[in-house]
Amino acid sequence: MEIKGSVALVTGANRGIGRAFARALIDHGAKKVYAGVRDPAGVPDPDVVPVRLDVTDEESVASAAFIASDVSIVVNNAGVGGASTKLLEGAFDGARQAMEVNYFGTWAVARAFAPVLARNGGGALVNMLSVASWVGQPEFPGYAASKAAQWSLTDALRKALRAQGTLVVGVHAGFVDTDLSAWTDAPKISAGTVAELTMDALLRDQAEVLADEQSRSVKAALSEPVGR
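Conventions used here
Residue positions are given per chain, counting from 1 as you read along its sequence in written order. Thresholds applied to this predicted model are a pLDDT of at least 70 for local features of residues and 80 or more for the giving and counting of side-chain atom pairs; totals over whole chains, interfaces and linings are not thresholded and use all residues. Just so you know, side-chain values use all the structure's heavy atoms and leave hydrogens and water out. Here a strand is any run of E in DSSP of at least two residues, a helix any run of H or I of at least four, and the numbering for each starts at the N terminus. Contact definition: two residues touch when any of their heavy atoms are within 4.5 Å. Axis definition: a line fitted to C-alpha atoms, limited for helices to the stretch in contact. Angles are taken between N-to-C directions and run from 0 to 180 degrees. Just so you know how the angles are binned, under 35 degrees is roughly parallel, over 145 roughly antiparallel, 65 to 115 roughly perpendicular, and the rest oblique. Helix crossings fall into two classes, left-handed where the near helix is turned counterclockwise from the far one by less than a right angle and right-handed where it is turned clockwise. When residues are sorted by character, Ala, Val, Leu, Ile, Met, Phe, Trp, Tyr, Cys and Pro go into the nonpolar class, Asp, Glu, Lys and Arg into the charged class, and all the rest, Gly among them, into the polar class. With a 1.4 Å probe rolled over the protein chains alone, any residue whose accessible area is under 20% of its type maximum counts as buried; one over 50% counts as exposed, and the rest are partly exposed. Salt bridge, as used here, is a side-chain nitrogen of Lys or Arg placed within 4 Å of a carboxyl oxygen of Asp or Glu. Think of a nonpolar core as a cluster: buried Ala, Val, Leu, Ile, Met, Phe, Trp, Tyr and Cys residues, connected wherever their side-chain atoms sit within 4.5 Å.

Undergrad: Explain the environment of Gln 164 to me, please; I cannot follow it from the model alone.
TA: Here Gln 164 lies in the loop between α4 (141–161) and β6 (167–172). As for Gln 164 and Trp 183, which are separated by 19 residues in sequence, their C-alpha atoms are 41 Å apart. With residues near it in sequence (within four places) discarded, Gln 164 still touches Ala 114, Leu 117, Ala 118, Gly 121 and Gly 122.

Undergrad: Please explain the packing of helix α1 (residues 16–27) against helix α5 (residues 191–203) as it appears in this structure.
TA: For any two helices packed against each other, the geometry is given by the interaxial angle and the distance between the axes. Interaxial distance between α1 and α5 falls to 8 Å at its minimum, and their mutual angle equals 45°. In terms of their interaxial angle, α1 and α5 are classed as oblique. The chirality of how α1 crosses α5 is right-handed. Here Gly 16, Ile 17, Ala 20, Phe 21, Ala 24 and Leu 25 of α1 come into contact with α5, specifically with Ala 191, Gly 192, Val 194, Ala 195, Thr 198 and Met 199. Considering only residue class, the contact of α1 with α5 consists of nine nonpolar, three polar and no charged.

Undergrad: Explanation requested: the environment of Gly 5 in the structure shown.
TA: Looking at the element boundaries, Gly 5 is found in the segment before β1 (7–11). For Gly 5, a relative accessible area of 40% gives the class partly exposed. Sequence separation between Gly 5 and Ala 207 is 202 residues, and the spatial gap between their C-alpha atoms is 21 Å. Excluding residues that lie within four positions of it along the chain, Gly 5 makes contacts with Gly 29, Ala 30 and Lys 31.

Undergrad: Help me understand the pattern of salt bridges in this model?
TA: Two side chains bearing opposite charge may form a pair once their charged atoms approach each other closely. In total, this model carries eight salt bridges according to the counting rule given. Connected through shared salt-bridge partners, Asp 155, Arg 158 and Lys 159 make up one network.

Undergrad: What's the story with the nonpolar core in this structure? I'm lost.
TA: Among soluble globular proteins, nonpolar side chains are generally buried collectively. Counting 35 residues, the largest nonpolar core has Phe 21, Leu 25, Val 33, Val 194 and Leu 202 as the members making the most contacts within it. Those elements that provide at least two residues to this core are β1, α1, β2 (32–37), β4 (73–76), β5 (124–128), β6 and α5. Setting aside residues no more than four positions away along its own chain, Phe 21 makes contact with Val 10, Val 75, Asn 77, Met 128, Val 194, Ala 195, Thr 198 and Met 199. Residues Leu 53, Val 55, Ala 64 and Ala 98 belong to the second largest nonpolar core, which totals 29 residues.

Shown next, in the form of structure tokens:
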């Protein structure tokens, strides 16, 4: 699909990968980019349009869909880590928050904007997933579970929205150099790399982005026997 001249909305666009998505869309010629954030005052870029959007609040999502009724590209990027939930002890609060934001939030935005995309010719829906979509993570099980659910949702959306001409893109990456991964010194790719690879996928009408070697190797290993 064409990015030049398009109108896009990016959730969580005030920092990290979301901001990189917004910048990449502008750089590729989008004529307008809405930055869907909980606090519009926190959007640092003057060439995007801040829109109040809390993906866990259905009224907020509906309001954003009404305001951004001219979009042809929607990027579901808003997410949380939920790392406070440990695998074998402690409260489930972090995991519940991760599921609310990463899974149900993505679902709510997709529901609200699917009719908008249909009216505007189909366009594209991009979901920021993770290599954790495919691999259980004892260190952050709530986050991994929410991403696995989000991957399943992405596949369902891809099948359901094909008839209206909407390209649904799932973006997978290992650690990306953002605040969310500041706790680890593991190898990371840049948010800009993720965004640029996603722009290339949109231009090529590709439904999946494997942004780094880790995501490519994990995807390739899915058909292997389950290890002990």
